[in-house]
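So you can see what is in the structure, the chains are spelled out below.
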Amino acid sequence: MDILPLTGSLGAEIIGADVRRAEDFDTIFAAFAKYSVIVLRGQTITPDDHLAFARRFGPINVNRFFKPVDGYPEIATVLKEKDQKAAVGEDWHTDHSYDQVPALGSILHAIEVPPVGGDTLFVSMGAAYEALSSVMRGFLENLTAVHSSRHVFGVTTSDSEAARTGRLGNAEAATQDARHPVVLTHPLSGRRGLYVNPVFTTHIEGLSEAGSAVVLSALYRHCQKPEFQCRVRWQPGDITIWDNRATWHKAINDYHGYRRLMHRVTVEGVPLAGVLAA
Ligand code: SIN
């Protein structure tokens, strides 16, 4: 197998791997721990193969809000039909940060993609953290942020296009709020990284509402620098795995008039530790 880094900050493509082969997993996992985003091209898999591959990482975390694949409640459908406007996941976010124990990672399998567009962008939260001044890092290191599913998947969002078209549902289950360190020590690599995101983080504790908003918006601007990013261009059959404790991602919504269908499996994580616990 050959491992080809995608950018200087994160991401790698592994050539010659087959997610169905148990003997390939150690190499895939080591690359995942190092690069945070792993792309595996042209995988010929069934939904059962997808689940079996995910279980090598750990137990499956069943998403409460995405429409499941028929007959596979553990696989979420990430879909935009050609007549729909909004893409699920089109704003920068970290999957499941609203859970007390956020997901380790997500495994996305491309089933149908537009002829051009529909790429996914990723950010290295370790690189973003390391590029902050030492004063800013020191300020952030002992802070805690609150994350929530309510304003994204809850009943107040029931008139969104994604809810009306059945792509998202189960709004009454959006009751998760969680507190996490603003700077975490990564459970696999020990690397420090920012752990706040524009979609699910509601505020930083201990700051005024206005102060929290100023700090978060400055961090969000900083994190979006191209220097911290990589981009995945999809073909049907491709699989990308990303580490939710080390990255943000965003589905680029630039393919109106075409259908894009992905299957996503999310893997359970571990409780997050801040800097002092390192
Ligand atoms: C997601 O946000 O999990 C989906 C990303 C994508 O569709 O590219």
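It should be noted that the structure appears before, not after, this text.
Each residue is numbered by its place in its chain's sequence as written, counting from 1. At least 70 in pLDDT is required for a residue's local features to be given in this predicted model, at least 80 for side-chain atom pairs to be given and counted, and no such filter applies to totals for whole chains, interfaces and linings, which use all residues. With hydrogens and water set aside, each side-chain value is computed from the structure's full complement of heavy atoms.

**Points about the overall build of the protein chain**
Next up, step 1: Going along the chain from the N terminus, every DSSP run of H or I of four or more residues is numbered as a helix, and every run of E of two or more is numbered as a strand. When helices and strands are tallied, the protein chain shows 7 helices and 18 strands.
Next up, step 2: Just to be clear, the radius of gyration here is over C-alpha atoms, and the globule rule we use is 2.2 Å times residues to the power 0.38. On C-alpha atoms alone, the protein chain measures out to a radius of gyration of 18 Å, which is about the 19 Å that the 2.2 N^0.38 rule sets for 278 residues.
Next up, step 3: The principal-axis extent of the C-alpha atoms belonging to the protein chain is close to 50 × 45 × 30 Å.
Next up, step 4: For every residue, the accessible area (1.4 Å probe, protein chains only) is compared with the maximum for its type, and the residue is labelled buried under 20%, exposed over 50%, or partly exposed between those bounds. A buried classification covers 55% of the 278 residues belonging to the protein chain.
Next up, step 5: Residue contacts follow a heavy-atom distance rule, with two residues in contact if any of their heavy atoms lie within 4.5 Å. In the protein chain, 82% of the contacts between residues at least 6 apart in sequence involve partners at least 24 apart.
Next up, step 6: Values of accessible area rely on a 1.4 Å probe in the Shrake-Rupley scheme; residue burial ignores everything except the protein chains shown. Roughly 11,900 Å² of accessible area belongs to the protein chain as shown, and the carbon and sulfur atoms make up 53% of that amount.

**Here's the deal with the sheet that holds strand β12 (residues 192-194)**
Next up, step 1: Overall, antiparallel pairing links the 3 strands, which are arranged β12-β11-β18 in an open sheet. Two strands lie at the open edges of the sheet, namely β12 and β18 (273-274), each paired on one side alone.
Next up, step 2: We treat two strands as partners when DSSP finds at least two bridges between them. Here strand β11 (residues 183-185) runs beside β18; their pairing, made up of 2 bridges, is antiparallel. Of the residues in β18, the one forming a bridge with Leu-184 is Gly-274.

**Some words on the sheet that holds strand β14 (residues 229-232)**
Next up, step 1: Read across the sheet, 3 strands follow the order β14-β8-β16 without closing on themselves; strand pairing throughout is antiparallel. Every other strand in the sheet has two partners, leaving β14 and β16 (247-251) as the edge strands with one partner each. Ignoring which end each strand starts from, the neighbouring axes of this sheet average 20 degrees apart.
Next up, step 2: In this sheet, β14 lies alongside strand β8 (residues 120-124) in antiparallel orientation, the contact comprising 4 bridges. Directly across from Val-123, in β14, lies its bridge partner Gln-229. Every axis corresponds to a line fitted to the C-alpha atoms, with the helix fit spanning only the stretch in contact, and the corresponding angles, defined between N-to-C directions, vary from 0 to 180 degrees.

**Some thoughts on the side chain of Asp-18**
Next up, step 1: Note on placement: Asp-18 falls in the loop between β2 (12-15) and α1 (25-35).
Next up, step 2: Each residue touching Asp-18, except ones within four places of it in the same chain, is listed here: Asp-24 and Gln-43.

**Looking at the site of the ligand**
Next up, step 1: Being near a molecule or strand, for a residue, comes down to having at least one heavy atom within 4 Å of it. The immediate surroundings of the ligand are formed by Val-78, Gly-89, His-93, Asp-95, Leu-108, Thr-120, Trp-242, His-249, Ala-251, Arg-260 and Arg-264.
Next up, step 2: Note that an oxygen atom of the ligand is positioned 2.9 Å from one of the side-chain N or O atoms of His-93.
Next up, step 3: Under the rule applied, a polar contact is a pair of N or O atoms within 3.5 Å (in protein, one hydrogen donor and one hydrogen acceptor; residues adjacent in sequence only if both atoms are side-chain atoms). At 2.7 Å from an oxygen atom of the ligand is found a side-chain nitrogen or oxygen belonging to Arg-264.
Next up, step 4: Contact with the protein chains covers 99% of the free accessible surface of the ligand, which is 260 Å².
Next up, step 5: Here the term cavity refers to a set of points on a 1 Å grid, laid over the protein atoms alone, in which a 1.4 Å probe fits but cannot get out; the term pocket refers to an open set having protein on both sides within 12 Å along at least five of seven lines, with lining residues being those that place an atom within 4 Å of a point. A molecule is said to be in a cavity or pocket once over half of its atoms fall within 2 Å of that pocket's grid points. The cavity that encloses the ligand is the largest pocket.
Next up, step 6: Those elements that place two or more of their residues in the shell around the ligand are β16 and β17 (260-267).
Next up, step 7: Note on residue classes: Ala, Val, Leu, Ile, Met, Phe, Trp, Tyr, Cys and Pro are nonpolar, Asp, Glu, Lys and Arg are charged, and everything else, Gly too, is polar. Residues that form the shell around the ligand fall into these classes: 4 nonpolar, 4 polar and 3 charged.

**Overview of the environment of Leu-132**
Next up, step 1: One can find Leu-132 in the loop between α3 (125-130) and α4 (134-140).
Next up, step 2: Linking Leu-132 and Leu-219, residues 87 residues apart in sequence, is a C-alpha distance of 9.1 Å.
Next up, step 3: When sequence neighbours within four positions are dropped, the list of residues in contact with Leu-132 reads Arg-137, Leu-140, Leu-194, Leu-219 and His-222.

**Observations regarding empty space enclosed by the protein**
Next up, step 1: Grid points are joined across faces, edges and corners, and a volume is the space filled by probe spheres set on the points. Applying the stated rule across the entire model yields 1 cavity of 30 Å³ or more.
Next up, step 2: Considering the residues around the largest cavity, the lining is formed by Val-62, Asn-63, Phe-66, Pro-68, Pro-73, Glu-74, Ile-75 and Ala-76.
Next up, step 3: The leading source of residues in the lining of the largest cavity is strand β6 (residues 72-80), at 4 residues.
Next up, step 4: Among the residues making up the lining of the largest cavity, the classes are represented as 6 nonpolar, 1 polar and 1 charged.

**Some words on the layout of surface pockets**
Next up, step 1: Put simply, the largest pocket is a space of about 620 Å³.
Next up, step 2: Together, 37 residues line the largest pocket, and Val-88, Gly-89, Val-152, Phe-153 and Leu-168 are the ones closest to its centre.
Next up, step 3: Among the secondary structure elements, those contributing two or more residues to the lining of the largest pocket are α5 (150-153), α6 (161-164), β16 and β17.
Next up, step 4: Classifying every residue of the lining of the largest pocket by side-chain character gives 18 nonpolar, 11 polar and 8 charged.
Next up, step 5: In this model, the second largest pocket occupies a volume close to 180 Å³.
Next up, step 6: What lines the second largest pocket is a set of 19 residues, among which Ser-36, His-186, Ser-189, Arg-191 and Ala-246 lie closest to the centre.
Next up, step 7: Per-element accounting of the lining of the second largest pocket gives the leading share, 4 residues, to α1.
Next up, step 8: Grouping the constituent residues of the lining of the second largest pocket by class yields 6 nonpolar, 8 polar and 5 charged.

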